[in-house]
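# Observations on the model geometry
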Amino acid sequence: MILDKNWRILTVGDGDLSFSYSLAKHFAPAHLTASVYDSESELKHKYQDNAFDKLHDLGVNVVTQFDVTEAYCWQNVPSHAFDAVIFQFPLIPAFGSFESFQNQTLSVNSLNRKLLREFLINAAAYALDPNGAQLGIITSKDVKPYIEWNLEGSLVNGLEQYYLGQSRFEISQFPEYQIRNVDRDKHVKDTSGISYYWSVNPAHAIKEKLKVPDYLGDNYCTICRAGPFINDSDKLAHLDSKKHKNMQRHESAWLNYLSTQAKLER
Ligand SMILES: C[S@@+](CC[C@H](N)C(=O)[O-])C[C@H]1O[C@@H](n2cnc3c(N)ncnc32)[C@H](O)[C@@H]1O
């Protein structure tokens, strides 16, 4: 993960706060505010081993009940005062009841994309300093279901934000970090991940250090990360595959959501 010690960083959705703690202890950025979705008591109940008090001892401000999709929550952190906002291994929480699941019109795939689109929109609107580095960073896994969110190609459609590239997430940079499951006191064993970077500045200097993968280029199916295709029949075989049709369904559902939203906003 490429970070700069001069940055003022806001972390969001940081489960048990062990990422923020490790960041503060080993990286010591110019400023750190940490935030979690849960209340203090929910966090301490859910994750017995958490870094809430340790972060307080380091003098780091911790904001609880911070929902990245709610504009009012962003009023609880300093306005336009950060260079980077980081969301590690995001995932929507489980539905509270079968009824709330049934009442949901969007697929789980679209709900996760919506969470991350709103994260990037709100980070730019409320937290990022227009005179600073202006980066939204999401770390995720390149396995199912996360790989089916098409993070690089779908989050900023129609927005004045740009995908800049990716870097490998190495957990050894953050010795105390335990990647958490969304609703349980368990940590994830496979810690490999990729950090993806967005900004309102399409020519951001950090691009030199980031990788833009081949699958975003021509002669690939970018939504499936498939290719390069050796000829037309290779490409047609992919377009006819179960994998592609499944991804195409996710893309169509997402584009349908975006166009409905655009009409509502008009
Ligand atoms: C798989 S867990 C990862 C937790 C932590 N970031 C880590 O890396 O260990 C997903 C996290 O996303 C958070 N999350 C989900 N929806 C959120 C929202 N609307 N606002 C803020 N955080 C959210 C959850 O609370 C949970 O902590």
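Residue numbers restart at each chain and count upward from 1, following the sequence in its written direction. A pLDDT threshold of at least 70 governs which residues receive local features in this predicted model, and a stricter bar of 80 or more applies before side-chain atom pairs are shown or counted, although totals over entire chains, interfaces and linings include all residues. Side-chain numbers come from the whole structure's heavy atoms, not from hydrogens or water.

For the chain, an unreviewed UniProt entry supplies the name 25S rRNA (uridine-N(3))-methyltransferase BMT5-like domain-containing protein and the organism Pseudoalteromonas piscicida.

### Side note on empty space enclosed by the protein
Which entries qualify depends on this criterion: Both cavities and pockets are sets of points on a 1 Å grid over the protein atoms alone; in a cavity a 1.4 Å probe fits but cannot get out, in a pocket the set is open with protein on both sides within 12 Å along at least five of seven lines, and lining residues sit with an atom within 4 Å of a point. Grid points are joined across faces, edges and corners, and a volume is the space filled by probe spheres set on the points. Think of it as three bins: nonpolar holds Ala, Val, Leu, Ile, Met, Phe, Trp, Tyr, Cys and Pro, charged holds Asp, Glu, Lys and Arg, and polar takes everything else, Gly as well. Only DSSP runs of H or I with at least four residues qualify as helices, and only runs of E with at least two residues qualify as strands; both kinds are numbered from the N terminus onward.
Going through the model one piece at a time under the given rule, you end up with 2 cavities of 30 Å³ or more. By volume, the largest cavity amounts to about 50 Å³. Taken together, Ile147, Asn150, Leu151, Glu152, Tyr215, Leu216, Thr222, Ile223 and Arg225 make up the full set of residues lining the largest cavity. Grouping the constituent residues of the lining of the largest cavity by class yields 5 nonpolar, 2 polar and 2 charged. Taken as a whole, the second largest cavity spans an internal volume of roughly 30 Å³. For the lining of the second largest cavity, the secondary structure elements donating two or more residues are helix 5 (108–127), strand 5 (135–140) and strand 7 (193–199). Residue contributions to the lining of the second largest cavity peak at 3 residues, all from helix 5. When grouped by side-chain class, the residues that make up the lining of the second largest cavity number 6 nonpolar, 4 polar and no charged.

### Here's the deal with the packing of aromatic side chains
Applied cut-off: Only the six-membered ring of Trp is used, alongside the rings of Phe and Tyr, when aromatic pairs are assigned; centres must lie within 6.5 Å, and planes under 30 degrees apart are stacked while those over 60 apart are edge-to-face, with the rest tilted. Per-residue accessibility, obtained with a 1.4 Å probe over protein chains only, is compared with the maximum for each type, and a residue is labelled buried under 20%, exposed over 50%, and partly exposed between these values. A ring is considered to have a charge above it if a Lys NZ or an Arg CZ atom is located within 6 Å of its centre and within 35 degrees of its normal.
Applying the stated criterion across every chain, the model contains 12 aromatic pairs. Between the aromatic rings of Phe19 and Phe174, the centroid separation amounts to 4.9 Å while the plane-to-plane angle is 55°, which identifies the pairing as tilted. Taken as a pair, Phe19 in helix 1 (residues 18–27) and Phe174 in the loop between strand 6 (162–169) and strand 7 lie far apart in primary sequence, 155 residues in all. Summarising the aromatic geometry, the rings of Phe169 and Tyr177 are spaced 6.0 Å apart at their centres and angled 85° between planes, so their arrangement reads as edge-to-face. Of the two residues examined, Phe169 and Tyr177, each falls in the buried class. Through a chain of ring-to-ring contacts, three or more aromatic side chains come together here, namely Phe19, Phe89, Phe169, Phe174 and Tyr177. For the cation-ring pair, Lys5 lies above Phe27, with the distance from its terminal atom to the ring centre recorded as 4.3 Å.

### Things to note about the sheet that holds strand 3 (residues 61–63)
Which entries qualify depends on this criterion: Strand pairing follows a simple DSSP-based rule, namely that at least 2 bridges must link the two strands. Each axis is a line fitted through C-alpha atoms, taken for helices only over the stretch in contact, and angles between the N-to-C directions span 0 to 180 degrees.
Strands sit in the order 3-2-1-4-5-7-6 across an open sheet of 7 strands; the sheet is mixed. The open sheet has two free edges, formed respectively by strand 3 and strand 6, since each of these has just one partner strand. Shown here is a sheet whose adjacent strand axes are inclined to one another by a mean of 20°, direction ignored. Examined bridge by bridge, strand 2 (residues 31–35) and strand 3 share 3 bridges and lie parallel to one another.

### Let's talk about the pattern of salt bridges
To keep things clear, this is the line we draw: Should a side-chain nitrogen of Lys or Arg be within 4 Å of a carboxyl oxygen of Asp or Glu, the pair is scored as a salt bridge.
The final tally for this structure, using the stated rule, is 13 salt bridges. Its salt-bridge partner being Lys25, residue Glu176 comes within 3.0 Å of it at the nearest N-O pair. With Glu176 in the loop between strand 6 and strand 7 and Lys25 in helix 1, this residue pair connects regions lying 151 residues apart in the sequence. Among the residues examined, Glu176 registers a relative accessible area of 23% and is labelled partly exposed. By relative accessible area, which is 44% here, Lys25 ends up partly exposed. Its salt-bridge partner being Glu118, residue Lys114 comes within 3.3 Å of it at the nearest N-O pair. You can see Lys114 and its partner Glu118 sitting in helix 5, 4 residues apart, about one turn around the helix.

### Side note on the nonpolar core
One recurring pattern in soluble globular proteins is that nonpolar side chains are buried together. Going by this rule: Here, nonpolar core refers to any group of buried Ala, Val, Leu, Ile, Met, Phe, Trp, Tyr and Cys residues whose side-chain atoms link them within 4.5 Å.
If you look at the biggest cluster of nonpolar residues, it comprises 34 residues, and the most contacted ones within it are Met1, Leu3, Trp7, Leu17, Leu135 and Ile137. Among the secondary structure elements, those contributing two or more residues to this core are helix 1, strand 2, helix 3 (52–57), strand 4 (84–88), strand 5 and strand 6. The greatest single-element share of this core, amounting to 5 residues, is contributed by helix 1. Leu116, Leu120, Ile194 and Tyr196 belong to the second-largest nonpolar core, a separate cluster that totals 29 residues.

### Considerations on the pairing of strand 4
Two faces, one strand: in a regular strand the side chains alternate between the faces of the sheet. A large share of strand 4 lies buried, amounting to 5 of its 5 residues. By the alternation rule, side chains of strand 4 split into Ala84, Ile86 and Gln88 and Val85 and Phe87, which are all buried. For strand 1 (residues 8–12) and strand 4, the ladder comprises 4 bridges, and the chain directions are parallel. Paired with Val12 across the two strands is Phe87, which belongs to strand 4. Pairing of strand 4 with strand 5 involves 5 bridges; the strand directions are parallel. Considered in strand 5, the bridge of Ala84 is made with Leu135.

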